Number of protein chains: 8
Amino acid sequence: ELRRSIPEIVFVEGKTLAQTLKVASEMAEAGGRVILARASKAHLSELLKLKSKFKVKVWEQAGMAVVKRQDFKTVKTGGRVAILTAGTADIPVALEAEVVAGELGCDIYHAYDVGVAGMHRLLEPLKRISSWADAVVVVAGMEGALPSVVASLVDLPVVGVPTSVGYGYGSGGKAALMAMLQSCSLGLAVVNIDNGVGAGAYAALIANRAARARSHGKEA
Amino acid sequence: ELRRSIPEIVFVEGKTLAQTLKVASEMAEAGGRVILARASKAHLSELLKLKSKFKVKVWEQAGMAVVKRQDFKTVKTGGRVAILTAGTADIPVALEAEVVAGELGCDIYHAYDVGVAGMHRLLEPLKRISSWADAVVVVAGMEGALPSVVASLVDLPVVGVPTSVGYGYGSGGKAALMAMLQSCSLGLAVVNIDNGVGAGAYAALIANRAARARSHGKEA
Amino acid sequence: ELRRSIPEIVFVEGKTLAQTLKVASEMAEAGGRVILARASKAHLSELLKLKSKFKVKVWEQAGMAVVKRQDFKTVKTGGRVAILTAGTADIPVALEAEVVAGELGCDIYHAYDVGVAGMHRLLEPLKRISSWADAVVVVAGMEGALPSVVASLVDLPVVGVPTSVGYGYGSGGKAALMAMLQSCSLGLAVVNIDNGVGAGAYAALIANRAARARSHGKEA
Amino acid sequence: ELRRSIPEIVFVEGKTLAQTLKVASEMAEAGGRVILARASKAHLSELLKLKSKFKVKVWEQAGMAVVKRQDFKTVKTGGRVAILTAGTADIPVALEAEVVAGELGCDIYHAYDVGVAGMHRLLEPLKRISSWADAVVVVAGMEGALPSVVASLVDLPVVGVPTSVGYGYGSGGKAALMAMLQSCSLGLAVVNIDNGVGAGAYAALIANRAARARSHGKEA
Amino acid sequence: ELRRSIPEIVFVEGKTLAQTLKVASEMAEAGGRVILARASKAHLSELLKLKSKFKVKVWEQAGMAVVKRQDFKTVKTGGRVAILTAGTADIPVALEAEVVAGELGCDIYHAYDVGVAGMHRLLEPLKRISSWADAVVVVAGMEGALPSVVASLVDLPVVGVPTSVGYGYGSGGKAALMAMLQSCSLGLAVVNIDNGVGAGAYAALIANRAARARSHGKEA
Amino acid sequence: ELRRSIPEIVFVEGKTLAQTLKVASEMAEAGGRVILARASKAHLSELLKLKSKFKVKVWEQAGMAVVKRQDFKTVKTGGRVAILTAGTADIPVALEAEVVAGELGCDIYHAYDVGVAGMHRLLEPLKRISSWADAVVVVAGMEGALPSVVASLVDLPVVGVPTSVGYGYGSGGKAALMAMLQSCSLGLAVVNIDNGVGAGAYAALIANRAARARSHGKEA
Amino acid sequence: ELRRSIPEIVFVEGKTLAQTLKVASEMAEAGGRVILARASKAHLSELLKLKSKFKVKVWEQAGMAVVKRQDFKTVKTGGRVAILTAGTADIPVALEAEVVAGELGCDIYHAYDVGVAGMHRLLEPLKRISSWADAVVVVAGMEGALPSVVASLVDLPVVGVPTSVGYGYGSGGKAALMAMLQSCSLGLAVVNIDNGVGAGAYAALIANRAARARSHGKEA
Amino acid sequence: ELRRSIPEIVFVEGKTLAQTLKVASEMAEAGGRVILARASKAHLSELLKLKSKFKVKVWEQAGMAVVKRQDFKTVKTGGRVAILTAGTADIPVALEAEVVAGELGCDIYHAYDVGVAGMHRLLEPLKRISSWADAVVVVAGMEGALPSVVASLVDLPVVGVPTSVGYGYGSGGKAALMAMLQSCSLGLAVVNIDNGVGAGAYAALIANRAARARSHGKEA
């Protein structure tokens with residue numbers, strides 16, 4: 001009896017507006033909820049037309065939408081996911097993670113623009129994370145140093161997300177991905193470049209398992 | 001008050017026998033235990049000489065050793081880590097993960113040589129993992145397909161470890177790393193090529209958090 | 001007396017509408033048939049104008065067209081080609097293979113979206129293929145695992161086609177190509193990324209040879 | 001009922017002499033035959049010691065051995081595989097293909113050193129191949145042009161095998177692999193660099209299917 | 001007293017129409033002639049406006065133009081340059097070479113679309129080249145095999161020009177460049193991808209030196 | 001009147017022992033001093049034989065030696081160079097920089113093993129550097145984050161030196177080089193992987209210019 | 001008390017016109033000055049609207065702007081920075097360096113289009129630089145040879161800036177970056193491709209330190 | 001009637017001593033002469049044993065040997081080839097070119113260690129080359145700038161040979177190859193990394209054509 005607790009996520013990129021609407025309403029109807037990612041503004045506008053029939057929420061900066069049947073309720077799990085970004089340009093990817101982990105029932109804490117070029121801004125978030133989170137998503141482009149720094153300072157699994165922010169040698173996220181994989185700090189695993197969706201789902205898997213154990217104790 | 005629960009791990013590669021002995025005995029003396037990785041047979045033989053003073057255990061195939069003060073005891077946490085390999089050549093890397101997660105207090109289940117070229121061997125381990133594990137380490141070289149398959153079939157965080165097993169185009173673990181990062185399956189994060197140590201530590205971080213919650217319930 | 005049984009195939013990309021029309025009508029006139037690939041919608045619309053003089057069929061999703069003289073008949077060979085895709089985004093490339101193999105006289109069976117992230121959908125097609133096909137084309141992007149899985153389960157030559165579906169590290173089909181070349185499964189050879197035309201022709205060469213032998217027996 | 005007609009092939013590389021002997025005798029005992037590839041001279045010498053109990057044949061230049069139970073007989077299928085090399089340095093890889101296809105029951109024709117730097121030597125083999133073979137394996141390093149040339153001149157599926165012969169930019173077989181994948185000629189698919197074993201098995205799969213059809217006609 | 005016999009060549013790419021006109025008229029005025037390369041249709045139209053004052057010739061397919069003072073005359077040197085292309089898509093790059101070598105005073109012979117996928121078309125040109133040319137420019141994309149073949153069959157310096165024609169692995173001219181650098185045939189040197197201008201100048205340097213020696217004998 | 005203040009530096013790699021001795025004694029004789037880098041232990045032993053005639057100093061860990069005529073004196077410039085390493089494995093490269101900058105007359109401060117995985121160790125060195133140094137060399141392998149962190153915290157030119165310490169994806173110094181070039185922090189320039197010699201010379205050029213100005217004021 | 005003397009620099013790329021205006025006026029208001037880089041013409045036009053309230057200067061070719069509070073004055077430091085380019089296409093990147101170093105208070109000397117294809121133009125600038133500059137920025141695309149040549153001829157720290165000018169193999173600045181990192185000349189460090197801003201800041205850090213020492217002598 | 005004037009050249013690498021002796025004596029016997037390249041010291045010693053029967057000459061530094069029948073005479077052609085190296089480490093590759101061009105009958109001029117880090121040494125050779133040579137081979141590793149500089153200063157075809165001298169990013173000859181292909185100077189074509197043999201043959205083809213024209217005038 002193998003089943004996945006992760007809800008359906010549709011990548012809209014390359015689909016027409018009509019296809020997107022069709023997929024979204026069919027899947028929401030069938031499964032109660034569908035998450036849509038990598039959507040353009042046009043796609044998001046189109047999806048908002050479903051509001052007559054469904055609960056629809058969109059995040060324009062992240063290119064994401066969630067469409068739910070009126071009777072569908074996201075169950076809060078008590079899982080705790082923290083999300084950090086090194087720069088402001090990394091926020092759209094962080095939002096992907098935030099939406100997905102939120103839909104998976106987690107509580108979210110985030111802090112943006114706390115990268116190594118301004119490390120004093122990192123201290124406060126680190127304190128909060130250390131005493132609260134089950135898992136941390138750290139999003140960074142350019143030299144991708146923040147996940148290493150965070151992993152060396154907190155006692156939690158860190159999910160590194162390299163972003164395609166960067167230029168010249170190592171651009172497109174390559175430098176950040178390499179840096180995260182080469183990290184001297186234990187406690188860091190990574191997903192592919194710009195894969196905020198995957199990072200959010202991964203952190204939620206970790207957090208929800210911990211949350212269930214908090215609720216059910218030895219029976220978990 | 002930021003501290004890491006991960007014990008000291010020393011990479012022996014490039015150290016002389018004398019340096020290795022010195023580091024091992026000093027760190028075991030000071031901290032109670034030291035884990036040594038990437039050790040040659042010569043290093044391991046040398047380390048066994050410490051047996052007069054310390055508890056020493058070596059895993060020759062994995063190039064690993066653990067040196068402990070006589071009074072040091074590894075505390076069982078109740079965390080549950082499963083470790084799979086696609087082929088037999090991937091076992092040394094899997095053993096790295098196993099030793100580290102074990103030293104971090106976890107219970108271990110493993111199944112070797114269950115890759116996609118012989119998928120019938122995978123079914124039994126998957127059942128066991130689904131109902132038991134907190135986290136799964138999946139080690140694979142060549143085309144690196146096993147972590148994707150596992151992540152699509154179990155409801156747990158999977159830590160993918162590409163190995164440098166392979167040849168020609170995509171050799172050195174590149175194909176396996178790419179395949180894991182490109183995976184269609186959610187629930188998969190990766191560490192660098194041959195990084196069994198990192199994967200074991202990561203899986204243990206996840207599992208121990210869940211185990212603590214099982215023990216302490218809402219106070220965790 | 002060396003001749004190829006493969007019909008003329010023209011790659012339209014980079015040709016003007018006028019050039020395309022001219023090439024298509026001249027070649028159809030001269031050889032009875034021409035297959036056109038990598039055509040835009042505009043090209044396909046233009047080619048449909050040839051309907052007054054020729055038999056014209058277009059596949060919009062695949063960017064393909066076949067233009068035939070009114071007296072031209074594709075001869076059925078009895079060759080049997082199966083075509084699978086891992087995802088829905090791989091279908092245009094699969095269609096290229098399907099059109100080419102069909103024009104080469106083969107019977108076609110296809111099954112789409114049967115990749116490793118939903119492996120239960122693969123079982124039915126595999127049964128059908130095992131007892132029927134002469135050759136199998138397997139089209140996959142992202143981690144490109146499906147051709148390995150199929151090759152390990154059927155006793156037939158598998159032609160792997162990596163597609164440029166993917167993102168981040170290993171994007172553009174690189175991860176899929178590498179994975180197919182690194183495959184642990186014997187019985188798999190590959191063509192270049194997105195080369196559905198080449199895969200279709202290759203599978204048809206194999207299948208038509210088998211079909212001829214079925215018809216002619218020892219004289220083949 | 002899915003089964004593969006390809007016999008067990010063991011890659012010896014990285015195994016100790018003792019492990020190799022053990023694996024070889026166990027597998028030959030159990031299955032009647034085992035093919036061993038990538039074996040050093042030391043491995044081959046060791047394997048010859050099995051001659052007291054088994055039929056053993058070794059190909060030193062190719063690093064290959066076949067070990068069979070005394071009662072095991074390779075069944076001739078009537079499949080016809082041709083094998084060409086561009087240079088003399090490509091011969092070891094060609095031999096891998098030859099041994100594997102031969103063990104799979106095929107008749108073999110080969111011609112070595114017929115690359116584009118001396119194209120007059122290619123004509124005679126091409127004639128023979130055109131009127132006889134079911135499949136052609138073409139092995140080439142350096143610029144890897146021969147498979148393209150052959151595929152443009154014969155009406156048969158060509159299996160290209162790039163070899164790691166080469167130097168400087170494009171060395172290690174990269175140039176040859178790229179050239180084969182970029183080929184303008186239809187009718188060419190490739191396996192990974194130096195993968196003679198895979199090419200031999202692939203060509204045999206094709207040839208044996210044709211041979212069976214020649215024997216059984218419409219029942220095949 | 002070091003001077004170059006190569007005329008001024010301006011790469012128009014990235015210059016505005018106004019800048020282009022200005023540069024062209026100033027340089028033609030000052031030096032008698034200027035060659036312009038990588039020009040768009042808009043640039044070429046603009047340059048034709050200089051016809052009132054200068055002799056202007058444009059090659060639209062190649063993006064080239066030559067602007068000369070009314071009193072300027074290209075001196076015929078008697079150098080003999082042959083130019084071949086593998087495919088029709090390689091012609092624009094070949095034209096670059098042709099225009100430049102022509103302006104350097106050489107006589108030109110060319111033959112297009114004589115690549116290895118249709119090698120029978122190559123024989124006639126080869127005969128002509130062998131008995132006539134001082135140097136041969138061979139332009140090829142995709143697998144880039146033609147320069148190797150030509151260099152193995154003629155007793156002349158061959159200048160290989162890889163073109164960016166191609167797709168998938170090895171696209172952008174990479175496969176062709178590698179293949180030419182890896183060539184087994186002596187007598188082949190290469191210029192960068194799509195660098196028809198450089199190849200034409202290089203072949204002309206060789207041919208003009210030979211031509212001068214033909215004219216001046218021992219005094220050359 | 002263009003002259004370089006940098007002394008002769010000879011890379012010994014690939015030279016025989018005899019060649020090395022000869023070069024060293026000739027150059028020391030002629031110019032008063034020669035610095036030798038990338039020397040094996042055998043080379044260094046050999047060079048120590050010159051002690052009868054010259055002042056010889058060797059640094060075994062760094063593979064460096066300085067050979068001076070008895071009358072040669074290194075002039076102290078008052079330039080101030082700080083050198084940091086991220087890990088202990090980076091020390092040999094740092095020593096290269098230290099020897100070169102020292103021979104160029106600079107005062108040196110160094111701190112080893114102060115990388116981001118243990119950032120508390122960095123604070124003390126940073127204070128010292130901020131109030132003292134003219135230039136900082138920061139040596140780091142693996143994820144190469146330390147130079148970015150230092151450059152964001154001190155008001156001095158930082159010379160980043162990536163080292164080839166690392167493994168898997170991004171090994172050989174590639175990850176560290178990329179990370180340094182992608183750095184978000186202004187005030188960081190880099191030299192090639194493991195190029196401690198170049199970094200030491202560069203930092204000394206900067207520091208000596210500042211030192212001269214301190215001595216000579218407006219006349220500098 | 002760690003502070004950086006480098007002013008705020010904002011990369012405009014990817015920001016909307018409104019965001020840009022807002023950031024520019026807020027930062028100029030708060031800090032007295034803001035430098036904006038990588039701005040499109042539209043961004044620059046928009047920024048000029050701030051002229052009613054601020055001092056605004058734009059460099060269209062370089063995509064740069066400086067916005068200052070009316071009361072803000074750039075303090076001249078006396079630092080001396082020289083800036084060279086190999087070609088005319090490298091000028092926009094050089095201008096970035098010039099604006100930044102100028103805003104950091106330095107005096108600037110520049111010479112454009114003095115690359116190795118016309119080396120006679122380099123002599124005059126080299127003389128000037130040798131007797132005047134504190135640091136030299138050398139900007140070059142294509143083969144990137146100029147920084148090596150300059151570093152071998154002047155006794156000053158050279159900051160190499162590879163530009164993305166180039167084509168074919170090594171395009172996008174890769175060849176230039178590699179060449180600079182591989183340079184045989186000591187006295188050369190590099191920044192990432194097209195990073196004129198970083199180079200300007202780096203040269204200014206060096207020059208201003210020397211200038212301060214010239215002013216303050218031993219107290220610096 | 002297509003024939004090549006280039007003599008047989010055998011690459012010894014990978015051949016046994018016995019194979020080498022056999023090939024050398026057979027080919028020298030049959031064709032009068034054979035050139036052997038990439039030979040180890042052991043190979044060269046072995047070849048010297050042929051002195052009883054043949055004329056044998058070896059160049060140890062270049063790994064080359066020429067074996068001739070007693071009656072064989074190299075005919076002087078009057079072709080003039082100049083060979084330059086940037087550094088001393090490039091000399092073995094230059095020697096390859098020198099031996100091959102010499103055996104092809106050319107007169108040779110060479111100058112070593114005249115690279116851009118010491119450009120004053122280049123002037124004298126350039127003068128000599130300009131007034132004498134038919135073709136110039138320029139051998140350079142590291143940043144590979146010398147061929148560009150030479151091509152910009154002489155009016156002759158330059159054959160660039162990148163060498164594998166170098167380290168870190170761009171090592172193995174990659175930086176040098178890229179730089180030569182990206183060169184701003186017309187009049188430069190390249191061969192693969194370390195391919196001194198190919199460069200020598202190419203330069204000789206050019207020079208011999210010019211020499212023949214000098215001898216035969218219009219009949220050439």
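Residues numbered from 1 in each chain as written. Chains lettered and ligands numbered in written order. Predicted model: local features only at pLDDT ≥ 70, side-chain atom pairs only at ≥ 80, totals over all residues. Heavy atoms only, no water.

### Re the overall build of chain A
When helices and strands are counted, chain A shows seven helices and nine strands. Taken over C-alpha atoms, the radius of gyration comes to 18 Å for chain A, in line with the 17 Å a tight globule of 220 residues would show. Along the three orthogonal principal directions, the C-alpha set of chain A runs to about 50 × 50 × 30 Å. When the 220 residues of chain A are sorted by exposure, 62% land in the buried category. The long-range fraction of contacts in chain A, counting pairs at least 24 apart against all pairs at least 6 apart in sequence, stands at 69%. By element, 53% of the accessible surface of chain A is carried by carbon and sulfur atoms, the whole surface being about 8000 Å². In chain A, the 25 positive side-chain charges and the 20 negative ones have mean positions that sit 4 Å from each other. (Helix = DSSP H or I, 4+ residues; strand = E, 2+ residues; numbered from the N terminus. Rg over C-alpha atoms; globule rule 2.2 N^0.38 Å. Buried < 20%, exposed > 50% of the residue type's maximum accessible area, 1.4 Å probe, protein only. Contact = heavy atoms within 4.5 Å. Areas by Shrake-Rupley, 256 points an atom, 1.4 Å probe, with all protein chains shown as cover. Lys, Arg positive; Asp, Glu negative; His and termini not counted. Charge placed at Lys NZ, Arg CZ, Asp CG, Glu CD.)

### Topic: the relation of the copies chain B and chain A
Superposing chain B onto chain A takes a rotation of 180° plus a shift of 0.0 Å along the axis, which leaves an RMSD of 0.0 Å. Seen this way, the second copy is the image of the first under a two-fold rotation axis. Mapped onto chain A, 100% of the interface residues of chain B again fall at the interface, so both copies present the same surface. (Least-squares fit on C-alpha atoms with pLDDT ≥ 70 in both.)

### Observations regarding the packing of aromatic side chains
Enumeration over the complete set of coordinates arrives at four aromatic pairs over all chains. Summarising the aromatic geometry, the rings of Tyr169(A) and Tyr169(H) are spaced 4.3 Å apart at their centres and angled 40° between planes, so their arrangement reads as tilted. Within this pair, whereas Tyr169(A) is found in the loop between strand E8 (158–162) and helix H6 (174–181), its partner Tyr169(H) is found in the loop between strand E8 (158–162) and helix H6 (174–181), the two belonging to separate chains. On the basis of relative accessible area, Tyr169(A) is assigned to the buried category, the value being 7%. One residue, Arg38(H), lies across the ring of Tyr167(D), its end atom 5.6 Å from the ring centre. (Phe/Tyr/Trp six-rings, centres within 6.5 Å; stacked < 30°, edge-to-face > 60°. Lys NZ or Arg CZ within 6 Å of the ring centre and 35° of its normal.)

### Notes on the interface of chain H and chain G
Accessible area lost when the parts come together is the quantity often used to give the size of an interface. Each partner contributes residues to the interface: chain H has 25 residues there, and chain G has 25 residues. Here chain H packs against chain G, burying approximately 2300 Å² in sum over the two surfaces, 66% of which is carbon and sulfur. Area buried by chain H at its contact with chain G is led by Tyr169(H), Met178(H) and Gln182(H), which between them contribute 34% of it. There are zero salt bridges connecting chain H and chain G. Where chain H meets chain G, there are twelve residue pairs in polar contact (both at pLDDT 80 or more). For the side of chain H that touches chain G, the secondary structure elements donating two or more residues are helix H5 (146–153) and H6 of chain H. By residue number, the principal contributor to the side of chain H that touches chain G is H6(H), which donates six residues. (Buried area = accessible area lost by both parts, 1.4 Å probe. Salt bridge = Lys/Arg side-chain N within 4 Å of Asp/Glu carboxyl O. Polar contact = N/O pair within 3.5 Å; in protein donor to acceptor, adjacent residues only side chain to side chain.)

### Section: the relation of the copies chain H and chain G
Least-squares fitting of chain H to chain G yields an RMSD of 0.0 Å, with the transformation described by 0.0 Å of translation along the axis and a rotation of 180°. When the interface residues of chain H are mapped onto chain G, 100% of them again fall at the interface, so both copies present the same face.

### Describing the arrangement of the chains
The least C-alpha distance between chain E and chain F, which are not in contact, is 20 Å. Nothing in chain B touches chain H; the tightest C-alpha to C-alpha distance between them is still 19 Å.

### Some remarks on the sheet that holds strand E4 (residues 64–68) of chain E
Residue and element names in this part refer to chain E. Read across the open sheet, the four strands follow the order E1-E2-E4-E3; overall the sheet is mixed. The sheet is open, and its two borders are formed by strand E1 (9–11) and strand E3 (55–59), each paired with just one other strand. Each strand axis lies, on average, 15° off the axis of its neighbour in the sheet, ignoring direction. Two strands pair when backbone bridges link them, and E3 and E4 are joined in this way by five bridges, in the antiparallel orientation. What sits directly across from Lys55, in E4, is Lys68. Sheet contacts for helix H2 (residues 41–48): strand E2 (33–37), E3 and E4; angle to E3, the most-contacted strand, approximately 160°. Those strands touched by helix H3 (residues 91–103) are E1, E2, E3 and E4, and its axis lies near 20° from that of E4. (Pairing = 2+ DSSP bridges. Axes fitted to C-alpha atoms, helices over the stretch in contact; angles between N-to-C directions.)

### What to know about helix H4 (residues 123–132) of chain B
Regarding H4(B), the residues found buried are Pro125(B), Leu126(B), Ile129(B) and Trp132(B). Burial along H4(B) is one-sided: seen end-on, the buried residues are contained in an arc of 150°. Exposed and oriented more than 90 degrees from the buried face of H4(B) are Leu123(B), Glu124(B), Lys127(B) and Ser131(B). On the buried face of H4(B), the contacting elements are helix H7 (196–216) of chain A together with strand E5 (80–85), strand E6 (107–111), strand E7 (135–140) and helix H5 (146–153) of chain B. (Arc of directions from axis to C-beta.)

### Let's talk about the interface of chain B and chain A
Residue-level contacts link 45 residues of chain B with 45 residues of chain A. Here chain B meets chain A over a buried area of about 3600 Å², counting both sides, of which 59% is carbon and sulfur. The tally of links from chain B across to chain A stands at two salt bridges. For Arg209(B), the salt bridge is made with Asp134(A), and the minimal N-O distance between the two is 2.9 Å. At the junction of chain B and chain A, the tally comes to eleven residue pairs in polar contact (both at pLDDT 80 or more). The dominant element in the side of chain B that touches chain A, judged by the number of residues it contributes, is helix H7 (residues 196–216) of chain B, at eleven residues. When its residues are assigned to classes, the side of chain B that touches chain A shows 28 nonpolar, nine polar and eight charged. (Nonpolar A, V, L, I, M, F, W, Y, C, P; charged D, E, K, R; others polar.)

### Quick look at the domain arrangement of chain A
Residues and elements named next belong to chain A. One can read the domain layout of chain A as domain 1 (9–69) and domain 2 (80–214). Residue-level contacts link twelve residues of domain 1 with ten residues of domain 2. Surface buried jointly by domain 1 and domain 2 totals about 1000 Å² across both partners, of which 65% is contributed by carbon and sulfur atoms. If you sort the residues of domain 1 by the area they bury against domain 2, Arg38, Gln61 and Met64 come out on top, with a joint share of 42%. The interface formed by domain 1 and domain 2 holds three salt bridges in total. A salt bridge links Lys68 to Glu103; the nearest nitrogen and oxygen atoms lie 3.4 Å apart. Residue assignment for the side of domain 1 that touches domain 2 shows that the elements contributing at least two residues are strand E1 (9–11), strand E2 (33–37) and strand E4 (64–68). Of the residues in the side of domain 1 that touches domain 2, the class split is eight nonpolar, one polar and three charged. (Domains from an automatic or database assignment.)

### Focus: the pattern of salt bridges
For the coordinates displayed, the defined rule picks out 96 salt bridges over all chains. The salt bridge involving Glu103(C) is made with Arg33(C); its shortest N-O contact spans 2.9 Å. In this pair, Glu103(C) sits in helix H3 (residues 91–103) while Arg33(C) sits in strand E2 (residues 33–37), placing the two residues 70 residues apart along the sequence. Judged on exposure class, the residue Glu103(C) and its partner Arg33(C) are both buried. For Asp134(D), the salt bridge is made with Arg214(D), and the minimal N-O distance between the two is 2.8 Å.

### What to know about the confidence of the model for chain A
For chain A, per-residue confidence averages 94 on the pLDDT scale, and residues scoring 70 or more make up 98% of the total. Interface predicted TM-score (ipTM) for the complex: 0.95; the corresponding pTM is 0.95. (pLDDT = per-residue confidence, 0-100.)

### Quick look at the side chain of Asp194(H)
Residues and elements named next belong to chain H. Secondary-structure assignment places Asp194 in the loop between strand E9 (188–190) and helix H7 (196–216). No salt bridge forms around the buried Asp194; measuring N to O, its nearest opposite-charge neighbour Arg38 is 6.1 Å away. In contact with Asp194, other than residues within four places in its own chain, are Arg38, Val93, Glu96, Val161, Pro162, Thr163 and Ser164.

### Some remarks on the sheet that holds strand E3 (residues 55–59) of chain D
Residues and elements named next belong to chain D. With mixed pairing, four strands are arranged side by side in an open sheet as E1-E2-E4-E3. The open sheet has two edge strands with one neighbour each: strand E1 (9–11) and E3. For this sheet, the mean inter-axis angle between neighbouring strands, taken without regard to orientation, is 15°. Of the strands in this sheet, E1, strand E2 (33–37), E3 and strand E4 (64–68) are in contact with helix H3 (residues 91–103), which crosses E4 at around 20°.

### Regarding the environment of Val100(G)
All names here are of chain G. For Val100, the location among the structural elements is in helix H3 (residues 91–103). A C-alpha to C-alpha distance of 8.4 Å links Val100 and Gly198, two positions 98 residues apart in sequence. With residues near it in sequence (within four places) discarded, Val100 still touches Ile9, Met64, Val197, Gly200 and Ala201.

### Focus: the packing of H6(A) against helix H6 (residues 174–181) of chain F
For the pair H6(A) and H6(F), the least separation of the axes is 9 Å and the interaxial angle reads 130°. As far as their axial angle goes, H6(F) and H6(A) are oblique. Seen along the crossing, H6(A) lies across H6(F) with a hand that is left-handed. Across the interface between the two elements, Lys174(A), Ala175(A), Met178(A) and Ala179(A) of H6(A) pack against Lys174(F), Ala175(F), Met178(F) and Ala179(F) of H6(F). (Parallel < 35°, antiparallel > 145°, perpendicular 65-115°, else oblique. Left-handed = near helix turned anticlockwise from the far one by under 90°.)

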